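Spelled out, the chains give:
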Amino acid sequence: MKVETIAAVPGEHNLHNYEDVSSDFNWADVEKEFSWSATGKVNMAYEAIDRHAESDRKNKVALYYKDANRHEAYTFYEMKRMTNRAANVMKAHSDLEKGDRAFIFMPRSPELYFAMFGALKMGLIVGPLFEAFMEGAIYDRLDDSDAKAIITTPELLPRIPVDRLPNLKTVFIVGEGVEEDNRMVDFMKHLEGASDKFEMEWLDKEDGLVLHYTSGSTGKPKGVLHAQYAMVQQLQTAKWVLDLKEQDIYWCTADPGWVTGTAYGVFAPWLSGTTTVILGGRFSPDAWYKAIEDFGVTVWYSAPTAFRMLMGAGDALVKEYDLSTLRHVLSVGEPLNPEVVRWGVQVFGKRIHDTWWMTETGAQTICNYPSMDIKPGSMGKPVPGIKVAIVDDQGNELPPNQMGNLAIEKGWPSMMRQIWNNPAKYESYFMNDKWYVSGDSAYMDEEGYFWFQGRVDDVIMTSGERVGPFEVESKLLEHPAVAEAGVIGKPDPVRGEVIKAFVALNEGYEPSEELVQDIQQFVKKGLAAHAAPKEIEFKDKLPKTRSGKIMRRVLKAWELDLPTGDLSTMED
Ligand code: WTA
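- The name given to the protein in an unreviewed UniProt entry is acetate--CoA ligase, with Planococcus chinensis as the source organism.

Below is the structure:
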């Protein structure tokens, strides 16, 4: 069968010839682009903001922000001042010290980024949270990381179980009508009068940067810690993959609660001094196309679910907006269907470039580069300087076209440095002290293109968000009616997968539509809206191993009408 390809775009791209670069590239050369390679003093906030504020880019717009009520622009110089002020507020009203964990739990706004980079200037490790999180999810993350502070809004404050978190000493509240006490601090009130000057905390390149909690197939979400050094790969991929140039207007649609929203929402573009758009509010096809037109977006990074929803909104809508500024479009988070790639060419006249990476990889790892032919359905080729391979369960490299574990040779620049509080979990990712094993299965073709096949474990990908079935099952079991619960991802044309729960009820409960809704609400309120099962099916009993583990594989086979495979470990 002939594989479809869409030819490279002619033009002056930052990566001219993938094959040439990939053979003799050295990461140490990228370090030279940072001031710390000479001074030894590192801080992401300096490299992303202050450095530009002290250069010709001083009056260049760093951040365009827009939502239903606000439409604002901040230059790099203004970002430097506002983040200094934020740092001063946090310093004056807390005992926070370098290395402490400070979480950010608020809707997108310019203040979110003032606070995030203010915290980085103090040398704190920033833990971004999705706005959708409810009390249980917040508690787990703050408790596990022993968080000392959180930045939130009056609306979200009730979801933070302050009384159960004795070490959470300071809560900065961004909004109106804040009643201060020895824990609660009115962020906006103090920001107003704070000094524009701040002595930044200088760090080592291996010091912590961000802590992103993410789901696995077992256990609670784990805290993936990245080091300041991740900026090396983030800057280089901004150049090669995002293809950012001085005049670009860049828009990454990801929420900062997700690694994409930090690494490529702000770090990568600002490390390269690029004007960046942040859009607040909820997804709507009109608002999104309008944002491209309003800001004249040239480089656009989004996700398959969003592209599929835009596709569903119809091609006529696209014609109502002027999207002619777009020159480079990218996607991440889930498999990008060939159909969507073709649609992109048809309606935007642009190829959508798929990129593959994970929270744990800290930056883009396998990509389609603008100078490369795209094979729709393929994730592309490894970032030069990073070795990616398909390995079997013993860690042996497999030849082309054989499916196996997608693995990365240990030691790439932006690799996670720790699973917080859980060294054993961290070690469990690595095989033979050589390979980081991703949990994805894939194969590589003869030309070195990688093709995603699925997850090896049971992790669910719904609208690009990683949901651990165990976390949802645990929450379901807290509902009084639920005796047993098994959760799987069910294929869905728009969202990739939706969450489906199989539930066995306790004595005295009967299946009903009300009960389904009640259970859905329960998970929504306790965990997060995106973690609530879209479908619930009641069963008398669930398939379990003799040791009592729910066999999700069997549930999946039931759902998809597939053979259930080996059932020898199943209880009678
Ligand atoms: C999946 C996302 C197919 C994959 C930055 C991976 C993808 C997980 C792609 C990581 C892609 C990400 N094609 N699958 N281009 N990109 N994935 O940590 O299963 O939220 O392991 O980070 O998303 O999800 P995470």
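Having put the structure on the table, let's press on.
### Overview of the pattern of salt bridges
- Tallying each qualifying case throughout the model produces 45 salt bridges.
- In this structure, the salt-bridge partner of lysine 375 is aspartate 445, at a minimum N-O distance of 2.8 Å. With lysine 375 in the loop between strand 15 (366-367) and strand 16 (381-382) and aspartate 445 in the loop between strand 21 (435-444) and strand 22 (450-455), the pair connects residues that are 70 residues apart, well separated along the chain. The pair lysine 375 / aspartate 445 is uniform in exposure class, with both members buried.
- Across the salt bridge formed by glutamate 447 and lysine 375, the nearest N and O atoms sit 2.4 Å from each other. Here the residue glutamate 447 occupies a position in the loop between strand 21 and strand 22, and lysine 375 occupies one in the loop between strand 15 and strand 16, the gap between them amounting to 72 residues.
- Since its relative accessible area comes to 5%, lysine 375 is described here as buried.
- Counted as one network, the salt bridges with shared partners bring together Lys490, Lys500, Glu535, Glu537, Lys539 and Glu559.

### Things to note about empty space enclosed by the protein
- Tallied over the full model, the rule gives 5 cavities of 30 Å³ or more.
- When its volume is computed, the largest cavity comes out at roughly 280 Å³.
- Those elements giving two or more residues to the lining of the largest cavity turn out to be helix 7 (135-145), strand 8 (208-214) and strand 24 (465-467).

### Topic: the site of the ligand
- As a structural note, the neighbourhood of the ligand is formed by 19 residues, with Asp354, Thr355, Thr359, Met461 and Arg466 the closest of them.
- Note that an oxygen atom of the ligand is positioned 2.5 Å from one of the side-chain N or O atoms of threonine 359.
- A distance of 2.8 Å separates an oxygen atom of the ligand from a polar atom in the side chain of arginine 455.
- In isolation the ligand has 540 Å² of accessible area, and contact with the protein removes 99% of it.
- In this structure the site holding the ligand corresponds to the second largest pocket.
- For the shell around the ligand, the element with the most residues is strand 14 (residues 352-356), which contributes 3 residues.
- The residue inventory of the shell around the ligand, partitioned by class, reads 10 nonpolar, 4 polar and 5 charged.

### Considering the layout of surface pockets
- The calculated volume of the second largest pocket comes to roughly 930 Å³.
- Phe452, Gly454, Arg455, Met461 and Glu497 are, among the 43 residues lining the second largest pocket, the residues nearest its centre.
- When residues of the lining of the second largest pocket are traced back to their parent elements, those giving at least two are helix 10 (259-271), strand 14, strand 22, strand 23 (460-462), strand 25 (482-492), strand 26 (496-505) and helix 18 (552-560).

### Digging into the environment of alanine 238
- For alanine 238, the position within the fold is in helix 9 (residues 231-240).
- Exposure remark for alanine 238: the relative accessible area of 1% places this residue in the buried category.
- For the pair alanine 238 and glutamine 364, spaced 126 residues apart in sequence, the C-alpha separation works out to 9.2 Å.
- Beyond its immediate sequence surroundings of up to four residues, alanine 238 is in contact with Asp243, Leu244, Ala268 and Ser272.

### Digging into the packing of aromatic side chains
- All told, the structure shown has 29 aromatic pairs when counted by the stated rule.
- Ring geometry for tyrosine 64 versus phenylalanine 295: centroids 5.1 Å apart, planes at 40°, classification tilted. Highlighted residues: tyrosine 64 in strand 1 (residues 61-66) and phenylalanine 295 in helix 11 (residues 285-295), separated in sequence by 231 residues.
- Between phenylalanine 117 and phenylalanine 267, the aromatic rings sit 5.9 Å apart at their centres with planes inclined by 85°, giving edge-to-face as the arrangement.

### Looking at the sheet that holds strand 11 (residues 275-279)
- If you walk across this open sheet you meet the 9 strands as 2-1-11-10-12-13-14-15-16, and the pairing is mixed. Edge positions in the sheet fall to strand 2 (71-75) and strand 16, since each has one partner strand and no second.
- Bridge count between strand 10 (residues 249-252) and strand 12 (residues 299-302): 3 bridges; the pairing is parallel. For tyrosine 250, the partnering residue across the bridge sits in strand 12 and is valine 299.
- Strands in contact with helix 6 (residues 110-121) are strand 1, strand 2 and strand 11; relative to strand 2, the strand with the most contacts, it is inclined by about 30°.

### Comments concerning the pairing of strand 18 (residues 404-409)
- By the criterion of burial, strand 18 is predominantly enclosed, with 5 of the 6 residues buried.
- Pairing between strand 17 (residues 388-391) and strand 18: 4 bridges, direction antiparallel. Within strand 18, the residue paired with alanine 389 across the bridge is alanine 407.

### What about the nonpolar core?
- Ranked by internal contacts, the top residues of the largest apolar core, which has 103 residues, are Phe117 and Trp270.
- Those residues in contact with tryptophan 270 that lie beyond four places of it in its chain are Glu47, Ala48, Ile49, His52, Ala62, Leu63, Phe76, Met79, Phe117 and Thr276.
- Counting 45 residues, the second-largest nonpolar core is a separate cluster that includes Leu129, Phe133, Val503 and Ala532.

### What about the packing of helix 4 (residues 44-53) against helix 6?
- It is at 8 Å that the axes of helix 4 and helix 6 come closest, and there the two elements cross at 125°. With respect to their mutual orientation, helix 4 and helix 6 come out oblique. Helix 6 is crossed by helix 4, and the crossing has left-handed handedness. When helix 4 is examined against helix 6, the residues Met44, Ala45, Ala48, Ile49 and Asp50 are found in contact with a partner set consisting of Phe117, Leu120 and Lys121.

### Here we look at helix 18
- Along helix 18, the residues classified as buried are Arg552, Val554, Leu555 and Ala557.
- Remark: aspartate 561 follows helix 18 within two positions and exhibits a positive phi of approximately 60°.

Thresholds, definitions, all that
Positions within a chain are numbered from 1, following the residues in the order the chain's sequence is written. The predicted nature of this model means local features are confined to residues of pLDDT at least 70 and side-chain atom pairs, given and counted, to a pLDDT of 80 or more, with totals for whole chains, interfaces and linings taken over all residues. Note that the side-chain values use all heavy atoms of the structure and ignore hydrogens as well as water. Throughout this description, the term salt bridge denotes a Lys or Arg side-chain nitrogen within 4 Å of a carboxyl oxygen of Asp or Glu. The numbering of helices and of strands both runs from the N terminus, where a helix is a DSSP run of H or I of at least 4 residues and a strand a run of E of at least 2. Accessible area is worked out with a 1.4 Å probe on protein chains only. A residue is then buried under 20% of its type maximum, exposed over 50%, and partly exposed in between. Only protein atoms enter the 1 Å grid used here. Points where a 1.4 Å probe fits but cannot escape make up a cavity, open sets with protein on both sides within 12 Å along at least five of seven lines make up a pocket, and a residue lines them when an atom lies within 4 Å of a point. Grid points are joined across faces, edges and corners, and a volume is the space filled by probe spheres set on the points. Here a residue counts as near a molecule or strand whenever at least one of its heavy atoms sits within 4 Å of it. What qualifies as a polar contact is a pair of N or O atoms within 3.5 Å, subject to a donor-acceptor requirement within protein and to the restriction that residues adjacent in sequence count only when both atoms come from side chains. The Shrake-Rupley method, run with a 1.4 Å probe sphere, supplies the accessible areas, and residue values consider only the shown protein chains as cover. Just a note on the criterion: a molecule sits in a pocket or cavity if more than half of its atoms are within 2 Å of the grid points. As a working rule, the residues Ala, Val, Leu, Ile, Met, Phe, Trp, Tyr, Cys and Pro are called nonpolar, Asp, Glu, Lys and Arg charged, and the rest polar, with Gly in that last group. Working rule for contacts: check all heavy atoms of both residues, and any pair within 4.5 Å makes them a contact. Stacked, edge-to-face and tilted are the three classes for Phe, Tyr and Trp ring pairs, Trp counted by its six-membered ring, which pair at centre distances within 6.5 Å; planes under 30 degrees apart are stacked, over 60 edge-to-face, the rest tilted. In this scheme, strands are said to pair when DSSP sees at least two bridges between them. Throughout, an axis means a line fitted to C-alpha atoms (over the contacting stretch in the case of helices), and angles, computed between N-to-C directions, take values from 0 to 180 degrees. Within this scheme, the nonpolar core is defined by two criteria: the residues are buried Ala, Val, Leu, Ile, Met, Phe, Trp, Tyr or Cys, and they are joined through side-chain atoms within 4.5 Å. Put simply, angles under 35 degrees are roughly parallel, angles over 145 are roughly antiparallel, angles from 65 to 115 are roughly perpendicular, and the rest are oblique. Left-handed describes a crossing whose near helix is turned anticlockwise from the far helix through less than a right angle; right-handed describes the clockwise counterpart.

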